[in-house]
Amino acid sequence: MTLTPLQKDRGLAQALALRDALRAAREPQGLIDLRPLWRGRALEASAGLPMAVRRARALEAVLDGMALCLCPEECLAGSLAGVLAPALPAEWSPEAADRWRTVDRENGERTFLTGFDHCAVDYAGLLRVGLGGLVAQVDRSLATHAGAREQGFLQGVRIALGAAQRFALRWAAECEQAADAAPGAGLRLRMAADLRHVSGEPPETFQQAVQLVWLIHLIFALEGRGAMAFGRLDQYLWPTYARAVARGEQGAARDTLRCLWAKLEEPLIRNPVQNIAIGGVRPDGADATNALSLLILDVTREMGTPNSNLSARIHAGTPQRFLEACCEVIKTGIGFPALFNDEVLVPAVTDLGVPLEVARDLAFVGCIETFLPGRMPPWSDSRVNLLMAVDRALRDGVDGLTGQRRGPATGSAAELATFDTFLAAYRRQLAYMVAQHCEAIGARQAGVPAQDYPSPFLSAFIGDCIARGRDVNDGGAEYGAWHGPAGMGLASAADALAAIRMLVYDREAITLEQLVAALDADFAGQEPLRQRLLHQAPKYGNDDPYVDALAATVAQAFCAEVLARRLPCGGRFVPLLAANVANIAAGKEVGATPDGRRAGEPVSDAASPTFGRDERGPTAVISSLTQVDYRPVVGGSVVNVKFAPGTLAGPEGTALLRWLVTTYFARGGMQLQCNVTGRETLEAARLAPQEYRDLVVRVSGFSALYVTLSDAVQRDILARTEH
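Residues numbered from 1 in each chain as written. Predicted model: local features only at pLDDT ≥ 70, side-chain atom pairs only at ≥ 80, totals over all residues. Heavy atoms only, no water.

**Overview of helix α14 (residues 342–350)**
Across the nine residues that make up α14, a large majority, seven, are buried. Within α14 the residues assigned to the buried category are D342, V344, L345, V346, P347, A348 and V349. Against the buried residues of α14 lie β5 (308–314), β6 (338–341), α15 (356–359), β7 (363–365), β8 (369–371) and β10 (482–488). N-capping of α14 is provided by N341, with a side-chain oxygen placed 3.0 Å from the backbone N of E343. (Buried < 20%, exposed > 50% of the residue type's maximum accessible area, 1.4 Å probe, protein only. Helix = DSSP H or I, 4+ residues; strand = E, 2+ residues; numbered from the N terminus. Contact = heavy atoms within 4.5 Å. Polar contact = N/O pair within 3.5 Å; in protein donor to acceptor, adjacent residues only side chain to side chain.)

Below is the structure:
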C-alpha cells in the first residue's frame, strides 16, 4: 500500500514526537538501574560454570526480567526504559541487592580499550539465516567440538541467542496486549506478528528486517556496549527494501526508518555515536549506491538526529545525484554525512593483507574508525600528542611543563646545530612516545584474559566465532583486532616545526636557547616574539610547501611507527589522524610552543589546519591537506571544514561543495566533514540555549546537540575558520 502525502506527514510527525520524547527523557533522575542486580544474581547462581555460560545467563536475566515499554508513536518495538525502576522489587531485600551488585562488580567486564564495544556485526548474515539459523549453526558446532573451552563457549552462545528469541516473543506479547487496550490495534498486531516471525525465521519484509536489526542493537545497548555501528545499512537492507518498493510500500518503509532514527535517541544508550555507512562499492567493485541510500539521506535530513552518525563512501564512479544528495543534507547544518574516499581507504586496508573483496566491504564504527563488519573484534583507540614530541625535542627529552625526563636524550638546544638534526630529534622523541604508548596499550589488553571475559552474544554475530567455537576476543574472529593510536595536533606540530626552521635556522633571528626560554615563560615579556612566531612563520592550510612538507613528514613518521607494532592478542596497531574533542585536553598537557600557542591552549583538531590560521580559503586548505599521504592512515582521519551558510546557498552552493569534495578526493584526501552553521547562530545558542535545543552541529567525528556541549567544546567549534 502506498501512503498518501497526508499519511506520510503524519508518519514524520509521529517520528519527530518520538524523537522529542526520548530527548526529554535524556536524564532520568531518581531511578534505579536494575541490570547490575539481575546480572549479579545470575552470576551468583551460576558459580562454577564456564564463564561464557555465566555471562550468557547474566544477559538472559536482564532480557527476561526487564519491563517492556511501548510508546504510542513507534512502529518498532524495543526500549531500554524497562531496566529502570523507582525502587527495588518488594521481594528483594537490600542486603541481597547489595550482594548482587558486588558480585556483578567483582566479575567485571571488558572496556572500550579491551575489546568491549565500538563494533559492527554481521547483520547481513543475520538477515539471511535469522536467529533460528544461528542457533542451528551453534548446534552443529557443538557436535564437532569436543574441547571443554569450545563447549563452554558455544553453550553460552546458545543460551544468549535463546534469550534473544524469548525477548522478541515477550515484545510480541506486549504488542498484542497493547492492541487490546488502545487504538491502533492493527499496527500493534502487525508488530506482534513481525516479532514472532523474526524470533526464529529470517525476515521477509523490510519492516521485519529493521525490527530484527533494532532488536539486536538494543540487546547490545542493554549489555552496556556503546558506539555500536550498523555497518552498510543500505546494502543488507536492500533486498527487503526492493520487495517493499515492488509492493508499493516505500512510504511505510520510510516511516520505519524514521522510527529507527528516532529510537537511536534512546537516553540510556551508552556512547550513542551509532555509525551508519552508505554508498561506496560492492565487493566486486561495482557502484553500491541504490534507492535506499538516497532514502537514508532523506530520512537523515528529516529527522535531524545527531546519534545517527551517517557516513557516505565516495568513489570515482559515485553517481552525481548521490553526491549532490549528500551535499544537500550537509547544507542543513547537521554535519551529516561525513564523506570518505574509497580510492584511498580500500587500498589502505588491502595494504594490511586484507583481500580486495573484503576491503571493499569496509564500514565505520564510532566516529570515523575503519572497520570490517562482522569479521573482527571490537575496535579500540587512544591518543598520541604529536606536538608533545616538539616540546621534548626542544629540551633533550624533558617535559616542558613538569621538568621531568619523559623521552630519550636527543641533544641539548646548543647541540642541535641544524634543522635536520632538530627534525631527527623530533622523530626520535615521537618514536619513543609511540613505542611507550603501544606498550602500555598492549599491557592493558593482555591483563584481560580471554577465558574470564567472553562476549557470547556479540560473538554470535562475528564470523567465524561459532564455527571455530571461540570467543570474538579469543581467536574466534576471522581477522585480528585493530587498535588505533590517534595522532592529535598534526597542524600544531607542523606549524611549530616550521617556525623553528624559519626563525631559528634559516633566518637566525633567534637562537634555540632563547626560544626555549621564551616558551618556558609562556611568552611573558616576549609578546613581540610570539607575534613573529604567529605571523611570520608559515602555517599549515595555506598552500605553502614550506610547512606542508613538514606536516607530511610528521604524518609519515607517526604512521610508520604505529604500523610497525602488533598487539599481544595477535591483532595490530593502525594509525589515525583524529582527536574527537581530546585536542582540548591535549593542549593542557603541553606548555607554550613555537607556533605561538600559549600554554594550555588546545592543539589543532585532528588532521585539520589550526583553527583561524588557514587564511587563504578552502582551495588552499585542500592543497595543503593533500600533501599528506593518507594511505597509511588506515584507522581514519578527520578533517573539519566550516562554511558560512550563505556560501553554499542554492544550487550553486551545492555545485561548489560537490566540486570541493571531488577535487579533494581526486588529490588523495581521505575524509571530509562540514559544519554549515553560521557564527551568529552559534553565539545566539550560547546566550539563549533554551531556544536552540534542536541545533545539531558537527563536533569532530560525530554530531551533537550544540547546547549540550561543554563550554570548552562550544568555543573550539566557534574558533574554526569560517569560509
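**Overview of the side chain of T626**
Along the polypeptide, T626 turns up in the loop between α26 (618–625) and β13 (636–637). Given the relative accessible area of 11%, T626 is considered buried. Here I622 takes part through its backbone oxygen, which lies 2.7 Å from a polar atom of the side chain of T626. At a separation of 3.3 Å, a polar atom in the side chain of T626 contacts the main-chain carbonyl oxygen of S623.

**Concerning the pairing of strand β4 (residues 274–279)**
The element β4 is largely enclosed, with a buried count of six among its six residues. In this structure, strand β3 (residues 231–232) lies alongside β4, joined through two bridges in parallel fashion. When the sheet's bridge partners are listed, R232 is paired in β4 with A277. The pairing of β4 with β5 spans six bridges and is classified as parallel. Paired with G279 across the bridge in β5 is R313. Since β4 and β5 lie parallel, the crossover through helix α12 (residues 291–303) that links them has a hand, and here it is right-handed. (Pairing = 2+ DSSP bridges. Right-handed = clockwise from strand over helix to strand, strands pointing away.)

**Points about the packing of helix α5 (residues 123–144) against helix α8 (residues 206–222)**
With their axes 11 Å apart at the nearest point, α5 and α8 run at an angle of 110° to one another. When the interaxial angle is binned, α5 and α8 end up roughly perpendicular. Where α5 crosses over α8, the two elements pack in a sense that is right-handed. Listed contacts from α8 to Y123, L126, L127 and L131 of α5 are A209, L212, V213, I216, H217 and F220. (Axes fitted to C-alpha atoms, helices over the stretch in contact; angles between N-to-C directions. Parallel < 35°, antiparallel > 145°, perpendicular 65-115°, else oblique. Left-handed = near helix turned anticlockwise from the far one by under 90°.)

**Topic: the state of the cysteines**
Within the structure shown, the criterion is met by zero disulfides. Cysteine C465 shares no disulfide, and the gap to the nearest cysteine sulfur, in C119, comes to 9.4 Å. (Disulfide = S-S within 2.5 Å.)

**Here's the deal with unusual backbone geometry**
Residues F336 and P337 are joined by a peptide bond in cis, for which omega reads -15°. Position of P337 among the secondary structure elements: in the loop between α13 (320–334) and β6. Each neighbour pair has its own omega, and for G463 with D464 the value is 5°, a cis peptide bond. Backbone geometry places D522, a non-glycine residue, at a positive phi of 55°. Its place among the elements puts D522 in the loop between α22 (512–520) and α23 (527–535). At A606, a residue that is not glycine, the phi angle is positive and equals roughly 50°. By the secondary structure assignment, A606 is in the loop between α25 (582–587) and α26.

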